[in-house]
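Listed below are the residues making up each chain.
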Amino acid sequence: MAMNRLNFLQTVGMISLGAALPAVSAPKKRPNMLFCISDDQSWCHAGAMGDPVVKTPAFDRVAREGILFTNAFCNAPSCGPSRSAILTGQHIWRLEKAGNIHSTLPAKFATYTGLLENAGYAVGYTGKGWSPGRLEPGGRTVNPAGPLFIGRKLNPPFKRMSNNDYAGNFEELLTQVPGDQPFCFWLGTYEPHRGFEFGAGRKSGKDPAKVVVPPIFPDNDIVRNDILDYMVEIEHFDGMVARAIHALEAAGRLDNTIVVLTSDNGMPFPRAKATLYDYGTRMPLAIRWPGGIRAAGRRYDGFVNLSDMAPTFLEAAGLKPPKEMTARSLMDVFTQTETKSRDAAFTAMERHDGCRKGGKGYPCRAIRTKDYLYIYNFEPTRWPSGSPDASVCARAIPYGEIDSSPTKAFMMEHRNEHGVAKFAELAFGMRPAEELYDLKKDPGQLHNVAGSIEYLDAQQSMRRRLFDHLRKTGDPRVTGGNVDWDYYPYYGLRRNKDWTVDKKPE
């Protein structure tokens, strides 16, 4: 429900999970934080990233007046786990049940929002916060993103968009927080998550001929128009952010606010969302903070994970991140005082949706550098995109890791035809235990060179570096211990009422 002033201030005054942390050279005036996150957007679909069709003036402004991160990666290409990693500053393999979607985030894992609240910040969110899943099994009663602001509504420009006035609900927070109290707000839209209004892109005046079709799809009118419909929803998100920025300007609070724009995982298309390839894990990221960023207006090509936001926010507020937060603060990037390079990002996936018999996931880990993408698939005998048999999928659709869409339907219906077969096999087919992609020759990651003599040294080096990191950060799939992701409860939609999660063997 919408928060009134009394209830909101009472909520802010409550002690959250986690203990307040000692200050570390706290700034004279603690910054506010506006974290804006879309739902299912790949890195390349923003004006500042070079796309010629989608219009993202808010993202472009933040990039122009702050830092544009060109190699930002989510921790997991799946909504819930990605958001859990952002909030906790930890890899998903450290978060137990939260490593799966449609699960829970155990209360024992501290969040930056809770720690900031303990330190006197006003905290709130609107739209999609930590989600999807259930709070209660993890011992929580409030969304980890904060108290919900949902009172303001609007008529969206297209069907299938939420009627949440995201920016209006942020403005509501601004009216309730005293000017001398810092705030931390999570503005999360449901867009561009599917479904889309069919033909919305054309209705908005966009030209499908101008679409840059990713190399992982066949190029035809169906795919181009599907991409246009997706871009309209990105623009809705960007428009909400623009209004939120305007509200900060009007309140005289913009320049002391860290404004972040990003997404949780890649575009909802085949071989993108729910995969460890770039279209699933590489994210748009722009950050503006005049009081803390030196040499604004620059690009940063180092590699970051979105979990890095948690320790960044805490350090910006003058707090020391807890040792459990294995992510790395971006404060040295802001101040241009880096002493250690950022030359790799690490990503992972466990169970995305219930798309295999007995609730089995597709466990995989990856390391991404400027030269290579290396993926290790722990269960290569399982269908990576979900079983083709809809009867063993909770959502009762074939290849259920991939959301239903015109693009997916076309690729399935024409999968044996020339010009489509190779893309369909990459999207729906089985994958070997190891994958290696030479990004200089193959930026679209279409040709697996693992096992080639020419790449033997690179493969061994990338494998060693990935597994060293997994051991260092305590991944039970490598270190031993409980590996329970295939057996954790699933709280998602079950159109197939006979689908169940297997009990763990004794």
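Above this text sits the structure in question.
Residues numbered from 1 in each chain as written. Predicted model: local features only at pLDDT ≥ 70, side-chain atom pairs only at ≥ 80, totals over all residues. Heavy atoms only, no water.

Student: Tell me about the overall build of the chain, and please be specific about residues and values.
Tutor: The helix and strand inventory of the chain stands at 14 helices and twelve strands. Whereas a compact globule of 506 residues would reach a radius of gyration of roughly 23 Å, the chain reaches 22 Å, a difference of no more than 12%. Projecting the C-alpha coordinates of the chain onto the three principal axes gives extents of approximately 65 × 55 × 50 Å. Partitioning the contacts of the chain with sequence separation of at least 6, the portion at a separation of at least 24 is 71%. As displayed, the chain has an accessible area near 19200 Å², and 52% of this comes from carbon and sulfur atoms. Here the chain holds 64 positive side-chain charges and 56 negative ones, and the gap between their average locations is 3 Å. (Helix = DSSP H or I, 4+ residues; strand = E, 2+ residues; numbered from the N terminus. Rg over C-alpha atoms; globule rule 2.2 N^0.38 Å. Contact = heavy atoms within 4.5 Å. Areas by Shrake-Rupley, 256 points an atom, 1.4 Å probe, with all protein chains shown as cover. Lys, Arg positive; Asp, Glu negative; His and termini not counted. Charge placed at Lys NZ, Arg CZ, Asp CG, Glu CD.)

Student: So what's going on with the environment of H418? Which residues, and what values?
Tutor: One can find H418 in the loop between α11 (406–413) and α12 (421–428). Residue H418 is classed as exposed on the basis of its relative accessible area of 84%. (Buried < 20%, exposed > 50% of the residue type's maximum accessible area, 1.4 Å probe, protein only.)

Student: Go over the sheet that holds strand β12 (residues 434–438) with me, naming the residues and quoting the values.
Tutor: With antiparallel pairing, the four strands of this open sheet are ordered in space as β9-β10-β11-β12. With one partner strand each, in any of the chains shown, β9 (345–349) and β12 form the two edges of the open sheet. The sheet shows a mean angle of 15° between the axes of neighbouring strands, direction not considered. Running at roughly 65° to strand β11 (residues 372–377), helix α13 (residues 456–472) makes contact with β9, β10 (364–368), β11 and β12 of the sheet. (Pairing = 2+ DSSP bridges. Axes fitted to C-alpha atoms, helices over the stretch in contact; angles between N-to-C directions.)

Student: Explain the environment of K203 residue by residue, including any values.
Tutor: Here K203 lies in helix α6 (residues 200–203). When near neighbours in sequence (up to four residues on either side) are disregarded, K203 contacts F158, E197 and F198.

Student: So what about the pairing of strand β8 (residues 298–305)? Which residues, and what values?
Tutor: Taking burial as the measure, the eight residues of β8 include six buried ones, the bulk of the element. By the bridge criterion, six bridges tie strand β2 (residues 67–73) to β8 in an arrangement that is parallel. By the bridge assignment, N71 is partnered in β8 with F303.

Student: Please give an account of the side chain of T126 that cites residues and values.
Tutor: Mapping T126 onto the fold places it in strand β3 (residues 122–127). Judged by its relative accessible area of 0%, T126 is buried. A polar side-chain atom of T126 sits 3.3 Å from a polar atom in the side chain of N164. Apart from the residues within four sequence positions on either side, T126 is in contact with L148, F149, N164, Y166, N169, F185, W186, L187 and G188. (Polar contact = N/O pair within 3.5 Å; in protein donor to acceptor, adjacent residues only side chain to side chain.)

Student: Can you lay out the packing of helix α7 (residues 221–250) against α11 for me, pointing to particular residues and giving the numbers?
Tutor: The relative placement of two packed helices is expressed as an angle between their axes plus a distance between the axes. Running from amino to carboxyl end, α7 crosses α11 at an angle of 160°, the nearest separation of the two axes being 8 Å. As summarised for this structure, α7 and α11 are arranged roughly antiparallel, according to the angle between their axes. For α7 against α11, the interelement crossing comes out left-handed. Of the residues in α11, those touching α7 at I222, V223 and D226 are P406, T407 and F410. Along the lines of polarity and charge, the residues of the contact of α7 with α11 split into four nonpolar, one polar and one charged. (Parallel < 35°, antiparallel > 145°, perpendicular 65-115°, else oblique. Left-handed = near helix turned anticlockwise from the far one by under 90°. Nonpolar A, V, L, I, M, F, W, Y, C, P; charged D, E, K, R; others polar.)

Student: Outline α12, listing residues and values.
Tutor: Those residues of α12 that sit buried are F423, A424, A427 and F428. Down the axis, α12 shows its buried residues gathered within 105° of arc, on one side only. (Arc of directions from axis to C-beta.)

Student: Tell me what's going on with the environment of F59, and back it up with residues and numbers.
Tutor: Assignment of secondary structure puts F59 in helix α2 (residues 57–65). Overall, the relative accessible area of 4% leaves F59 in the buried class. The sequence separation of F59 and Y490 amounts to 431 residues, and the corresponding C-alpha distance is 35 Å. Once you skip the residues sitting within four places of it in the chain, F59 turns out to touch A46, A48, M49, L68, D238, L261, P284, L285 and A286.

Student: Let's hear about the pattern of salt bridges: which residues, and what values?
Tutor: Here the structure, examined in full by the defined rule, presents 41 salt bridges. Note that K273 and D403 form a salt bridge whose closest N and O atoms lie 3.0 Å from each other. One end of the pair, K273, is in the loop between β5 (257–263) and α8 (278–281); the other, D403, is in the loop between β11 and α11, and 130 residues separate them in sequence. Comparing K273 with D403, the two get one shared label, buried. One salt-bridge network, in which partners are shared between bridges, spans D40, K273, D353, R395 and D403. (Salt bridge = Lys/Arg side-chain N within 4 Å of Asp/Glu carboxyl O.)

Student: Go over the pairing of β2, please, and point to the residues and values.
Tutor: When you tally the buried positions in β2, you get seven out of seven residues, the bulk of the element. Pairing of β2 with strand β6 (residues 282–283), which is carried by two bridges, proceeds in the antiparallel orientation. If you follow F73 over to β6, its bridge partner there is R282.

Student: Outline unusual backbone geometry, listing residues and values.
Tutor: Here the bond from E191 into P192 is cis, since omega is 5°, no more than 30 degrees from zero. On the secondary structure map, P192 appears in the loop between β4 (183–188) and α6. The residue after R194, namely G195, is reached through a cis peptide bond having omega 5°. Here G195 shows up in the loop between β4 and α6. Although it is not a glycine, D40 sits at a positive phi angle of roughly 85°.

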